[in-house]
Amino acid sequence: MRIFFLLRGVPGSICHLTHKNKQTKTHTHGCVNFPLYIFFSLKSLRRDSGVSYLPKGTSAKMNFIRGVMGGQAAGPQPTGAETIQKLCDRVASSTLLEDRRDAVRALKSLSKKYRIEVGTQAMDHLINILQTDRSDSEILGYALDTLYNIICNDEEEEQDESEDETSQKQADDLGAKFTEAFIQDSEHITLLLTMLEEFDFHVRWPAVKLLTALLRNQCVQLQSIILVSPMGVSRLMDLLADSREVIRNDGLLLLQQLTKGNAAIQKIVAFENAFERLLDIITEEGSSDGGIVVEDCLLLLRNLLKNNSSNQNFFKEGSFIQRMRPWFEVGDDNSGWSAQKVTNLHLMLQLVRVMVSPVNSPGATASCQKSMYQCGLLQQLCTILMATGVPADILTETINTVSEVIRGSQVNQDYFASVNAPSNPPRPAIVVLLMSMVNERQPFVLRCAVLYCFQCFLYKNQKGQGEIVATLLPSTIDANSISAGQLLCGGLFSADSLSNWCASVALAHALQDNLTQKEQLLRVQLATSLGKPPVSLLQQCTNILSQGSKVQTRVGLLILLCTWINNCPIAVTHFLHNQENVPFLTAQISENLGEDERLVQGLCALLLGICIYYNDNSLENYTKEKLKQLIEKRIGKENFVEKLGFVTKHELYSRAAQKPQPVFPSPDQMLFDHEFTKLVKELEGVITKAVHKSSEDEKKEEEVKKTLEQHDNIVTQYKELIREQDAKIQELKEQVSSMTTQTEQMQTTMAQQLSQIQQHKDQYNLLKLKLGKENPSHANNTLGDGTHFNGMQNEDAAQLREEMEALRSQHGLLQSQLSEKDAIIEALRSEGSQPSEGTRGDSDNTELLKELELLRSQVQSQATEINQLKMNNEGLLTGSETESSDASPSRDTSADAAKVAELESRLVVQTSEMEKLKEEVRGLIEGRAQLEQQAASATSSAAILQTETSKLEADLLESKKEQDDLLMLLADQDQKIHNLRQRLKDLGETVDDEDELDTRDQTDEDDEDEDLED
């Protein structure tokens, strides 16, 4: 056996005492005579050693050990506080890590028994260990465990029965005090958050447990510290991704405490992908069949979603509602559910209710209800509702959940009305639920849930209200089946007071804010007994009320009657028509009854006040004025108002007014309905005023009402007129905007057309320049002009005339040359006819004549072509003049643009007035027509210009080709003439040169001119 001794004041000194075979060996390692502190239990000594130290000779052996070690003799043992103080000194002063680790481990073992001493003396030293010894995970784990033991309030040791409550309360407060001391410095929490980054199990798990304990004791303060800590929430969210289930599960508990009542932290946790992770864990653990981990996840989800509209919207938008549907898939065999499954499914149903709670905003609730119907969640809930073998508490919570899923949603309400129970024959689910509500053997909470479901089904559902009331009418009653109306009437006249109240309130919800159904219900006739005529439902209710039944029954009937005749003058008339009703009410109100009857008196006063306020004075005996006189004589106005105030002063009134769901601790306290409390609050003030008003005031009020109604009618007419004018203005604005768009499009089209016209002009000018370069004379005329082609101006026409004159002169010159050649040919023919010529000359002359004939034919064809060219040039001249006249509208483009700008400015200025707007629209329409004409004109001009340009290009090319051919012919002709002259010279004939011929011609012309002058 080896025993370890820790010496005070000697760092690192451990003495090993080995006892074996009665021989003792001592290894002192520098031990000195200081008091010894032995840390082992006698039980461990007995277990680990082969020598018994307890029964006999224990003190002798211990003295022997002390004698060997040179220690002190046996004396008083140190107390726990002294031991803890010395351990704290050791933690603070030891330089070796092993010594500090052993001391912290010893503090951990003493922390549960000596919680106060360790907490007060060692907390600062333990925090210092966390700050300085970050490299050693073992000592960090011991320190965190020690802090957890002194802060956590969970007592593992059993308390003595004799311990009084005061000491127990003081023990519970220790955790809060130590927590407050720990979180005084926010750096301590930051230090713990950094510990969560350590992957070592012995560090991370104690840190999670310690943070959870701190949150339990001082939640609000710790939440504020973590909220401002950088990456504080993110570090906590990383715990959910830990592969070690212990840490992950404790992380869930930590997040549950962290998210309680703090919307900011709830949002951060939600946006850290908490929904996705939690739903994955629930699926992995088996959903509703899972264990305690599923419950923890559901509790955390409830914390994140409850009363947090932002997280609810994020949950819906993230399509997480669809992932809830598999939770509620139950099989045919529902027997033997475990307690954990019941708990899980109960929490799952609560999550659904959180999303569609009536306290949420109407828009968010409606959106969630729509998603639940579309994904099939509502259908799955109805399946559980109609299943067999479902535990009672799950069935009750399912009914409440379905109630809030369908509340105020017409689509969901219609689907619920179509659900049938799996019975033979099939019955509507509403009928089956009502059978449970009026059955006094059913549990109270279940009956309350069915009533809530029926109320939610009829909430803002006039179609459903009509269907329920229709089952009471004579024309729709089916004797072979049980209807909702029959069940309600059966409950209304049952011997069970709770059934009476539930049936009365349920029927009142079928009439809520529905004047048509209130009037229809007056037609219902009941056969009370054989041989007696049937009585109306209204009369039967008043008969039961006057019989003096239980308070709960009378309260339920009064709730039904008040809801029925409220805002229904016909029902008020039917009620007052029974001569017994008013005396009964006045008698009930005027009597001095006990505390239990005060509520009935107040409701009777409310019913009588409704008869006054909604009285149309159709009955002479019970007009408004006579009823008020009756109250004043038999009850007194002040007494009447006081009795009326008993309703709102009742202790159960405020409880029922808080939320729509009827939640009562016992059946006896089930007296008020949520919707009825709103009706009482609305009517109390107006009834009080109506009772105190005199007849003159009523006449004035009626006159004022008539005036207000007239004014309202006038205002309504003006509103309708304004709506029509707004619609017309909107329509005209749309027309103006469309016309403005069309105008812009037309302007764009005009700009494009103008650019195309300019391109055509540029192309035409380029063609003219090219033609001028190829024809020098034509180019000189074109370049000398120096102006651009713009609509075929007069200068261009003059150029064309000059070109025609040049062509004419060329034609005349060719004619003169041709005549000369004809003369030469004739001379040659005459010479060739002489017989003195030789054989060679004759053959040459014959060939020459053939060539001359061919030349003549060519000259004639050339003359024809010249005439054709002349005609083409004249046509071109005429087209140019036409073009100049047609292209003139293009000069008005700038004027048109100015007109469009003027129209746009008028549109901007005059849109505020109706008449000006109409005139402006007419002006725009006319401007549009003008613009269309201008655009059409511009389009036609562009087309004409393009056509004429193509014609001119073709004519110019043809003229150029003809001129080239003509030049070639003339050159050939000159060459042939030259050859002929040369041959004539060779034959010995005298032939004049061309210069001489030109001179002779010029001389002849001069002579002719002189003769003409003479």
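Note that the structure is predicted; figures quoted are calculated from it, not measured.

1. Remarks on unusual backbone geometry
Here the bond from N424 into P425 is cis, since omega is 0 degrees, no more than 30 degrees from zero. Locating P425 in the fold gives a position in the loop between strand 5 (420-421) and strand 6 (427-428). The phi torsion at K460 lies on the positive side, around 55 degrees, for a residue other than glycine. Positive phi outside glycine occurs at N617, with the angle close to 60 degrees.

2. Quick look at the pattern of salt bridges
One pass over the full model with this rule turns up 23 salt bridges. Note that R101 and D136 form a salt bridge whose closest N and O atoms lie 3.3 Å from each other. Within this pair, whereas R101 is found in helix 4 (residues 97-110), its partner D136 is found in the loop between helix 5 (115-132) and helix 6 (137-151), the two being separated by 35 residues in sequence. Neither R101 nor D136 differs from the other in exposure class; each is buried. Its salt-bridge partner being D289, residue K341 comes within 3.3 Å of it at the nearest N-O pair. Remark: D289 occurs in the loop between helix 13 (263-284) and helix 14 (292-305) and K341 occurs in helix 16 (residues 339-355); sequence separation between them is 52 residues. Given a relative accessible area of 58%, D289 falls into the exposed group.

3. Some details on helix 15 (residues 309-317)
Turn by turn, an α-helix covers 3.6 residues, leaving residues three or four places apart pointing in a common direction. Restricting attention to buried positions, one finds in helix 15 the residues N311, Q312, F315 and K316. Burial along helix 15 is one-sided: seen end-on, the buried residues are contained in an arc of 135 degrees. With respect to the buried face of helix 15, the exposed residues turned more than 90 degrees away are S309 and E317. The first or second residue beyond helix 15 is S319, which carries a positive phi of 60 degrees.

4. A few points about helix 6
An ideal rise of 1.5 Å per residue puts 21 Å on 15 residues; helix 6 measures up with 21 Å between its terminal C-alpha atoms. The element helix 6 is extensively covered by neighbouring structure, given that 13 of its 15 residues are classed as buried.

5. Let's talk about the side chain of N461
Along the chain, N461 falls in the loop between helix 22 (444-458) and helix 23 (462-470). What makes N461 buried here is its relative accessible area of 1%. A distance of 3.0 Å separates a polar atom in the side chain of N461 from the backbone nitrogen of G464. Contact partners of N461, with chain neighbours within four places excluded, come to Q410 and Q413.

Rules and cut-offs
- Residues numbered from 1 in each chain as written.
- Predicted model: local features only at pLDDT ≥ 70, side-chain atom pairs only at ≥ 80, totals over all residues.
- Heavy atoms only, no water.
- Helix = DSSP H or I, 4+ residues; strand = E, 2+ residues; numbered from the N terminus.
- Salt bridge = Lys/Arg side-chain N within 4 Å of Asp/Glu carboxyl O.
- Buried < 20%, exposed > 50% of the residue type's maximum accessible area, 1.4 Å probe, protein only.
- Arc of directions from axis to C-beta.
- Expected span 1.5 Å × (residues − 1).
- Polar contact = N/O pair within 3.5 Å; in protein donor to acceptor, adjacent residues only side chain to side chain.
- Contact = heavy atoms within 4.5 Å.

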